[in-house]
Amino acid sequence: MQPRVTSGTAHDANGTRFAVVGISNMPTDWAQVFSSLANADLTTGALNVDITAAATATSPGTDAAGTSGDDEPGSPVASGPPSLSTTPPSVLNLNAYLMYAIGKAARRRLTDRLTAHGLRLWHLTVMAMVADLGPQMKTVLASRLDMNASDLVKIVNDLVRTGHVDCGRDPADRRRVVVRLTPEGRSFLDLLNADIASTDDDILAPLNAEERDQLASLLRRVHRHLEPAPASVVHEPARYDTPARTDSVEDGRIDWTHPAERIARLVEARRDRFPTAYTHHQGRRIELLAATVSERTYSGAPGLVLHHEDEGVVIVTGAKAPTSGEHGLVLSRLRTEAGREMSAEEYFPSEGELLAHQP
């Protein structure tokens, strides 16, 4: 029997030589092991280098001394075995594969940057959402980020402990508790974004500035196509000057006597079409960009704007709402007649307003 760890060279029946390293948790007959593995008669011999050096496999055209015919004797040879990782050429024609592979590499680099700051990707996402859209209730944040509510609470608690966000009563409606970015959190987010920007430079190194802008625009367009909840990001302005398809103006008009489920489907279906789903408030047209069905039922006149501590801005819907109550429409984001996008909470600072079918 031989030692538990061995290193050396071996050759097969044809005399082809290669380096070997063996490690075992018990004394082992290495010649028998390698012979069985290769299904050939192997002869092992001593290699006068340490274990680490022995792990360096000789490449084709390299002699037992570790030099190639083109090198001077004693010239260093690249350490470590050649990488076996390769990409099948055929999958490089698949955009989905390319996005997966590049996204995997980008996520790894981004995770490393965040870990250096003691953060995870969800911490960055929550801070960015609050910075972009302003103070929000936890339930609204979870909905916009398509995140489990209990997981969102844990992330917010982490950020509260580090002083990046705080939770307090909404000055516009004392019934609601909102998550707010602190001044320290905003400064930290700016520094974090600057640090992360170097990750973009690393990944996009082969592209010039114009190509990077073009790639970013195309990626946002694809993201907008795939994103299930448009309230989670602020997109590039829609090109209403050249709509892909123009329908009747009546196709986007909202009837608040319809059930909330029907109105929510209308908002989603028309967010990339002209006209967008719309209604009227104080004689002016507003377009609804993101909305979901409420968990609770609400009573009142169809089109009545309410504020709820957990659900935010809710519009009363349904023909039976005045008497028995129905599920309402939770409005997240809208666009004004002047073309400005904003959150529903910013547009409706108080409840009691009434939306109408006509100006």
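Quick caveat: nothing in here was measured; it's all calculated off a predicted structure. (Residues numbered from 1 in each chain as written. Predicted model: local features only at pLDDT ≥ 70, side-chain atom pairs only at ≥ 80, totals over all residues. Heavy atoms only, no water.)

Caption draft 1: Geometry of the overall build of the protein chain. Of the regular secondary structure elements, the protein chain holds ten helices and twelve strands. Burial analysis of the protein chain (359 residues in total) assigns 34% to the buried set. Within the protein chain, contacts between residues separated by at least 24 positions form 55% of all contacts whose residues are at least 6 apart in sequence. Accessible surface computed for the protein chain: about 21,300 Å², of which carbon and sulfur atoms make up 54%. (Helix = DSSP H or I, 4+ residues; strand = E, 2+ residues; numbered from the N terminus. Buried < 20%, exposed > 50% of the residue type's maximum accessible area, 1.4 Å probe, protein only. Contact = heavy atoms within 4.5 Å. Areas by Shrake-Rupley, 256 points an atom, 1.4 Å probe, with all protein chains shown as cover.)

Caption draft 2: Looking closely at the nonpolar core. One finds Leu 114, Val 126, Leu 141, Leu 152 and Leu 192 to be the most contacted residues of the largest nonpolar core, which totals 24 residues. Looking at this core, the elements that each hand over two or more residues are helix H3 (95–116), helix H4 (121–133), helix H5 (138–144), helix H6 (149–161), strand S5 (173–181) and helix H7 (183–203). Ranked by the residues each element gives to this core, the list is headed by H4, at six residues. Not counting residues within four places of it along the chain, the set of residues in contact with Val 126 comprises Leu 141, Leu 145, Leu 152, Ile 155, Val 156 and Leu 159. Ile 286, Leu 288, Ile 315 and Leu 329 belong to the second-largest nonpolar core, a separate cluster that totals 19 residues. (Core = buried A, V, L, I, M, F, W, Y, C linked by side-chain atoms within 4.5 Å.)

Caption draft 3: Spatial organisation of H3. Between its terminal C-alpha atoms H3 stretches 32 Å, which fits the 32 Å expected from 22 residues at 1.5 Å a residue. Along H3, the residues that are buried comprise Ala 105, Leu 110 and Leu 114. (Expected span 1.5 Å × (residues − 1).)

Caption draft 4: Expanded view of the side chain of His 164. In this structure, His 164 sits in the loop between H6 and strand S4 (165–170). In terms of polar contacts, His 164 uses its side chain to reach the side chain of Thr 162, at 2.8 Å. Excluding residues within four positions of it along the chain, His 164 makes contact with Met 127, Leu 159, Arg 180, Leu 181, Thr 182, Gly 185 and Phe 188. (Polar contact = N/O pair within 3.5 Å; in protein donor to acceptor, adjacent residues only side chain to side chain.)

Caption draft 5: Region of the structure containing the packing of H4 against H6. Across the interface, H4 lies against H6 with an axial gap of 10 Å and an inter-helix angle of 80°. As the angle between them shows, H4 and H6 are arranged roughly perpendicular. Along its contact with H4, which presents Trp 122, His 123, Val 126 and Met 127, the element H6 presents Leu 152, Ile 155, Val 156, Asp 158 and Leu 159. Across the contact of H4 with H6, the residue classes break down as seven nonpolar, one polar and one charged. (Axes fitted to C-alpha atoms, helices over the stretch in contact; angles between N-to-C directions. Parallel < 35°, antiparallel > 145°, perpendicular 65-115°, else oblique. Nonpolar A, V, L, I, M, F, W, Y, C, P; charged D, E, K, R; others polar.)

Caption draft 6: Looking closely at unusual backbone geometry. Of note, Asp 146 is a non-glycine position whose phi angle comes to about 55°, a positive value. Within the secondary structure layout, Asp 146 lies in the loop between H5 and H6. Phi at Gln 282 takes a positive value of approximately 50°, unusual for a residue other than glycine. Mapped onto the fold, Gln 282 is located in the loop between strand S6 (278–281) and strand S7 (284–298).

Caption draft 7: Structural detail: the pattern of salt bridges. Evaluated as defined, the whole model comprises ten salt bridges. Between Glu 346 and Arg 340 there is a salt bridge, and its shortest N-O distance comes to 2.6 Å. The class of Arg 340 is partly exposed, set by a relative accessible area of 47%. Counted as one network, the salt bridges with shared partners bring together Arg 285, Glu 287, Arg 333, Arg 335 and Glu 341. (Salt bridge = Lys/Arg side-chain N within 4 Å of Asp/Glu carboxyl O.)

Caption draft 8: Representation of a nonpolar patch on the surface in the model. A cluster of nonpolar residues, Met 99, Leu 219, Val 222 and Leu 226, forms a patch on the protein surface that exposes about 380 Å² of accessible area. Tallying contributions element by element places helix H8 (residues 209–226) first for the nonpolar patch, with three residues. Tracing the chain through its elements places Met 99 in helix H3. (Patch = residues over 30% accessible without salt bridge, like charges linked within 9 Å, V, L, I, M, F, W, Y side chains within 5 Å.)

Caption draft 9: Highlighting the pairing of S7. Note that S6 and S7 share four bridges and pair antiparallel. Residue His 281 lies in a different strand from S7, and its bridge partner there is Arg 284. Linking S6 back to S7 in an antiparallel pair, the connection comprises two residues, with Gln 282 at a positive phi of about 50°. (Pairing = 2+ DSSP bridges.)

Caption draft 10: Geometry of the packing of aromatic side chains. In this structure the tally under the stated criterion is one aromatic pair. Where Tyr 347 meets Phe 348, the ring centres are 4.7 Å apart and the plane angle is 85°; that geometry is what we call edge-to-face. Its end group placed over the ring of Tyr 278, Arg 285 keeps NZ or CZ at 3.9 Å from the ring centre. (Phe/Tyr/Trp six-rings, centres within 6.5 Å; stacked < 30°, edge-to-face > 60°. Lys NZ or Arg CZ within 6 Å of the ring centre and 35° of its normal.)

Caption draft 11: Looking closely at the packing of H4 against H7. Running from N to C, H4 and H7 point in directions that differ by 120°, and their axes come no closer than 11 Å. As far as their axial angle goes, H7 and H4 are oblique. For H4 against H7, the interelement crossing comes out left-handed. Of the residues in H7, those in contact with Leu 124, Met 127, Ala 128 and Ala 131 of H4 are Gly 185, Arg 186, Phe 188, Leu 189, Leu 192, Asn 193 and Ile 196. Among the residues forming the contact of H4 with H7, the class breakdown is eight nonpolar, two polar and one charged. (Left-handed = near helix turned anticlockwise from the far one by under 90°.)

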